[in-house]
Amino acid sequence: MRDVLDQLEGWWKNGEPAALATVVGTFRSAPRQPGASMLVGPAGEAVGSVSGGCVEGAVYELGEGVLRDGRPVLQRYGVSDDDAFAVGLTCGGILDIFVEKVSPETYAQLGQVADAVRSESPVAVATVVAGPEERLGTRLIVWPDRVDGGTGSSRLDDAIRDDARGLLDVGRNAMVHYGVDGQRRGEGLDVFVESFAPPPRMIVFGAIDFAAAVAKMGTFLGYRVTVCDARPVFATASRFPGANEVVVEWPHRYLKAEAEAGRIDKRTVITVLTHDPKFDVPVLEVALRLPEVAYIGAMGSRRTHEDRLARLVAAGLTEEELSRMSSPIGLDLGARTPEETAVSIAAEMIALHWGGSGVHLADREGPIHSH
């Protein structure tokens, strides 16, 4: 919803109802992920996308109907539809799309949600998308320290609150299933939780030419990017326009301070590009001993890698700790330029996150997405 939030809030503030269509479930090779949104505005405007063009026409018509009668609708679109090219997904995937009317009366907390998203304060929106008619479209807004709204069942609200905070902690959107009164092992009521967590962090150590390309790629992928180097002549904002911040500090000191301040979490990715032992060995000692981060990669040749391993072993790191390091960094794409190398590093990060193999899709059989 981030992509359409400003437009939606503008109509909401003016008291102009709009239809909000949100992808709440995907199967097989669906073109968009849960959370992708499209609006049908008060004057018939279409804003955003739920499928990259496959089913937008059908969703638009559904949105018009929801605006007229006010009743939310959960609709499934897939290649098996009677007219697949008109309202189905020619890619073979399936999308579940929830369409609801948004106005100050139906979504009183939208302003608070918009403020939280813009200030990068964590907030989750949990909406009942399937179940008893009187519960459809009810929602609970969940912050780390408070909640607002409700579904009409305190037991259900309590269950949603706990699950939403868990999803918010890892920055995930998900469909959660309950009994109609919040029973954990029950069924009959589905709640879509959309997490608006602060962007995950990418920390790039080493103010070299490759770092500029990696920082730009990190921003493109949605990370908040920090470039850190101890040399002020190289660590300048003008050299790294793709970074959110450039820090002049010894890498190991900076990383240790950030970890102690609680600003490193399980979504953080760390790239060490200095390939100079006086910089990269101390920072890797800190990084590899952190309780959990998403990715740790270190640049260097095979010879640099072997020398680095020996130094880290001498520093007392265990085999298990060393196994968390991707070195030499990146997937084997034959990359040569800084930009190509940044793609290689990003590819490895994505493969690790989603459990990809990095092999040619053409050489595989079965579905493209395993989950």
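Quick caveat: nothing in here was measured; it's all calculated off a predicted structure.

**Student:** What's the story with empty space enclosed by the protein in this structure? I'm lost.
**Tutor:** Unoccupied space between atoms shows up once a probe the size of one water molecule is rolled over them. Per the stated rule, a full pass over the model turns up two cavities of 30 Å³ or more. Looking at the lining of the largest cavity, the elements with two or more residues in it are β1 (18–27), β5 (94–102), β6 (123–130) and β10 (188–196). Looking at the lining of the largest cavity residue by residue, the classes come out as eight nonpolar, two polar and three charged. Taken as a whole, the second largest cavity encloses approximately 30 Å³ of empty space.

**Student:** Would you mind going over the packing of aromatic side chains with me for this structure?
**Tutor:** Counted by the stated rule, this structure contains two aromatic pairs. Between Phe-205 and Tyr-254, the ring centres sit 6.5 Å apart and the planes meet at 70°, which makes this aromatic pair edge-to-face. One end of the pair, Phe-205, is in strand β11 (residues 201–205); the other, Tyr-254, is in helix α7 (residues 251–260), with 49 residues separating them in the sequence. Summarising the burial analysis for this pair, Phe-205 and Tyr-254 share the class buried. Positioned over the ring face of Tyr-107 is Arg-139, at 3.8 Å from the centre of the ring. Between the NZ or CZ atom of Arg-146 and the centre of the ring of Trp-143, over which it lies, the distance is 3.7 Å.

**Student:** Before we go on, may I ask you to explain the pairing of strand β2 (residues 37–40) in this structure?
**Tutor:** Remark: a regular strand shows side chains that alternate across the two faces of the sheet. Of the two faces of β2, the one lined by Ser-37 and Leu-39 and the one lined by Met-38 and Val-40 are each fully buried. In terms of strand pairing, β1 meets β2 through four bridges, oriented antiparallel. Following the sheet pairing, Ala-21 is matched in β2 by Met-38. Sheet topology places β2 next to strand β3 (residues 46–48); three bridges connect them, and they run antiparallel. Bridging across to β3, Met-38 finds its partner in Gly-48. Taking the residues between adjacent antiparallel strands as the criterion, β2 and β3 are bridged by five residues, where Gly-44 takes a positive phi near 90°.

Conventions and cut-offs
Residues numbered from 1 in each chain as written. Predicted model: local features only at pLDDT ≥ 70, side-chain atom pairs only at ≥ 80, totals over all residues. Heavy atoms only, no water. 1 Å grid on protein atoms, 1.4 Å probe; cavity = no way out; pocket = protein on both sides within 12 Å on 5 of 7 lines; lining within 4 Å. Points joined across faces, edges and corners; volume = space filled by probe spheres on them. Helix = DSSP H or I, 4+ residues; strand = E, 2+ residues; numbered from the N terminus. Nonpolar A, V, L, I, M, F, W, Y, C, P; charged D, E, K, R; others polar. Phe/Tyr/Trp six-rings, centres within 6.5 Å; stacked < 30°, edge-to-face > 60°. Buried < 20%, exposed > 50% of the residue type's maximum accessible area, 1.4 Å probe, protein only. Lys NZ or Arg CZ within 6 Å of the ring centre and 35° of its normal. Pairing = 2+ DSSP bridges.

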